[in-house]
Amino acid sequence: MPAHPNHRADRTEGTGAANTPSARSIYVARSLPAAIDALDEYGSAGAPFAGGTWIMRSPIRHEPHQPHYVAIGKIPELTAIRIDAGIVEVGAAVTHAALASALADLPEFNVLAIAAGRSANPAIRAMATIGGNLSTSGFAAADCVPALLCLEAEVEISSRGDQARIGLERFLQIRPTLEPGRLLTRVILPRRVRNTAHARLPLRKAGDYPAAIVSLAVSLDAAARVQAARIAVGSVEPVARRWQRLEAALVGRPLDPAQAAEVAIGLADEFTGRDSVELPAWYRVSVLPSLVRRAAVAALDT
Amino acid sequence: MVVNLTVNGDRRSSAADPITPLVDILREEFHLTGAKPVCREGFCGACMVLVDGAPTLSCLMPAALAEDCEIRTVEGLAVGGTLTPIQAALEDCDAVQCGMCFPGMVVTLTHLLTVEPGATRDDIRAALTGNICRCTGYERIVEAALLAVAVK
């Protein structure tokens, strides 16, 4: 059993400090090295705790809590957003509300500002974090994941003595098998001139998980033809992914919303929808062309 | 373990599992029953309290992470028996409901009118999107919030 971080002299600032080693604990890390050390020592008995909007609902999903959590919400570099000329870096513990606010004046990131700023409801957006959205394998309807896929995001994974940067698509593949002690610490976004849009279909305007999500980023040439396109679909399947055949079909033509939707109808059969208590699989797939049209309209407007 | 909390200006302690939702401590140990654990998913807003001035879903916040914070529940909004402007406006507009969802709405609107004293109808409706009421309408509540804005 790993040493309990709360018993170490250098980590007494955490809450839950009176725990015995056998009790459940939440250790509030004040620095990134302290968080990584704690996660490393806890191993499979520990997990990071950011906004808590997924972890605190574990009982509803009949999932046990971890014995130990490492709270990362008070680590300065993980709650910061850095906007440079070439890139935007987002700390893993940045909330949806903070992210939406920070990106509000950057049209090229409209897709992410909408994804972060319209998910769930205001109080959830003030708690839920970008790192949590990306790291939670079981959350198919995470709005920020398709938005980040179409923005060519990379993520930084830190562990004791190591730091790696990988593409988001790769991260989504390895996410379920990520070894204990690893922490997603940053999201890195390249800055490019492009039109972007996020189309989501919840059952109500606010509060519901979206049935389906289409995130779109297109670069247009001087004649308004699509030079490059990245389109990602979320909530339809268990894990968000790009729609590469549709991307290829749009390149070289003007971005016409009706035409894009027509093309999407012909390509939607590549998706196998997921069933859930609120919606059948077929419905999630069937709304995709409409969302493509809406996304294209919105992208032309940015 | 002991979790030390500052609730409505009072220092309180709880011997709780650190992952225990704040709403449970408030209700079961401190007998502050205004916040309601209705959905426990963060979607209904009935458990809303202010943590360091920010509206917070107390069903999703572990009590241990509220240490060092100032927690204010609906019971702590009116000081010395004097209603706050939004509470008075809600009463004036007959915008009072059964008490299940309503405390959360009062907390949400209290925060909104603090950070946006000139809140518009759209601002009010947007702020209330996280407070779900299943039994009646929202119109009088919105009208009351607009009245509170006007009175200020």
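Thresholds, definitions, all that
- Residues numbered from 1 in each chain as written.
- Chains lettered and ligands numbered in written order.
- Predicted model: local features only at pLDDT ≥ 70, side-chain atom pairs only at ≥ 80, totals over all residues.
- Heavy atoms only, no water.
- Helix = DSSP H or I, 4+ residues; strand = E, 2+ residues; numbered from the N terminus.
- Rg over C-alpha atoms; globule rule 2.2 N^0.38 Å.
- Buried < 20%, exposed > 50% of the residue type's maximum accessible area, 1.4 Å probe, protein only.
- Contact = heavy atoms within 4.5 Å.
- Areas by Shrake-Rupley, 256 points an atom, 1.4 Å probe, with all protein chains shown as cover.
- Pairing = 2+ DSSP bridges.
- Salt bridge = Lys/Arg side-chain N within 4 Å of Asp/Glu carboxyl O.
- Polar contact = N/O pair within 3.5 Å; in protein donor to acceptor, adjacent residues only side chain to side chain.
- Nonpolar A, V, L, I, M, F, W, Y, C, P; charged D, E, K, R; others polar.
- Axes fitted to C-alpha atoms, helices over the stretch in contact; angles between N-to-C directions.

Let's talk about the overall build of chain A
Summing up its helical and strand segments, chain A has eleven helices and twelve strands in all. Here chain A has a C-alpha radius of gyration of 20 Å; the compact-globule value for 302 residues is 19 Å, and the two agree. Projected onto its principal axes, the C-alpha coordinates of chain A cover approximately 65 × 45 × 30 Å. Out of the 302 residues in chain A, the part that is buried amounts to 54%. Counted over contacts in chain A with a minimum sequence separation of 6, partners at least 24 positions apart contribute 60%. If you sum the accessible surface of chain A, you get close to 12,400 Å²; carbon and sulfur atoms cover 53% of it.

Here we look at the pairing of strand S9 (residues 195–201) of chain A
Residue and element names in this part refer to chain A. Burial within S9 is extensive, with seven of its seven residues counted as buried. Side chains of S9 alternate between two faces, with Asn195, Ala197, Ala199 and Leu201 and Thr196, His198 and Arg200 buried alike. Of the strand pairs in this sheet, S9 and strand S10 (residues 212–220) are connected by seven bridges, and their pairing is antiparallel. If you follow His198 over to S10, its bridge partner there is Ser215.

Examining the interface of chain A and chain B
Listed per partner, the contact involves 29 residues of chain A and 29 residues of chain B. Inspection of the region where chain A meets chain B yields two salt bridges. A salt bridge links Asp17 of chain B to Arg24 of chain A, with the nearest nitrogen and oxygen atoms 2.8 Å apart. The interface formed by chain A and chain B contains two residue pairs in polar contact (both at pLDDT 80 or more). If you list the elements that add at least two residues to the side of chain A that touches chain B, you get strand S1 (25–28), strand S3 (68–71) and helix H4 (122–125) of chain A. Its residues assigned to classes, the side of chain A that touches chain B comprises 15 nonpolar, ten polar and four charged.

Re the sheet that holds strand S11 (residues 226–234) of chain A
Residues and elements named next belong to chain A. The strand order across the open sheet formed by four strands is S9-S10-S11-S12, and the pairing between neighbours is antiparallel. The two strands at the open ends of the sheet, each matched to only one other strand, are S9 and strand S12 (241–242). Looking at chain direction, S10 and S11 are connected through eight bridges and run antiparallel. Directly across from Ser219, in S11, lies its bridge partner Ala228. Strand contacts of helix H3 (residues 110–118): S9 and S10, with the helix running at about 30° to S9, the strand carrying the most contacts. Strand contacts of helix H11 (residues 288–300): S9, S10 and S11, with the helix running at about 145° to S9, the strand carrying the most contacts.

Overview of the pattern of salt bridges
Residue and element names in this part refer to chain B. Tallied over the full model, the rule gives 30 salt bridges over all chains. In this structure, the salt-bridge partner of Glu139 is Arg125, at a minimum N-O distance of 2.8 Å. Taken together, the positions of Glu139 in helix H5 (residues 139–151) and Arg125 in helix H4 (residues 121–127) put the pair 14 residues apart, joining distant regions of the chain.

A word on H3 of chain A
For H3 of chain A, the complete set of buried residues consists of Val111, Leu112, Ala113, Ile114, Ala115 and Ala116 of chain A. Positive phi appears at Ala120 of chain A, one or two residues downstream of H3 of chain A, with a value of about 50°.

Some remarks on the environment of Thr95 of chain A
All names here are of chain A. Tracing the sequence through the fold places Thr95 in the loop between strand S5 (87–91) and helix H2 (96–102). Thr95 gets classed as buried once you look at its relative accessible area, which sits at 19%. Spatially, the C-alpha atoms of Thr95 and Gly117 are 9.9 Å apart, while their sequence positions differ by 22 residues. With residues up to four places along the chain from it excluded, the contact list for Thr95 reads Arg125, Ala126, Met127, Ala128 and Thr129.

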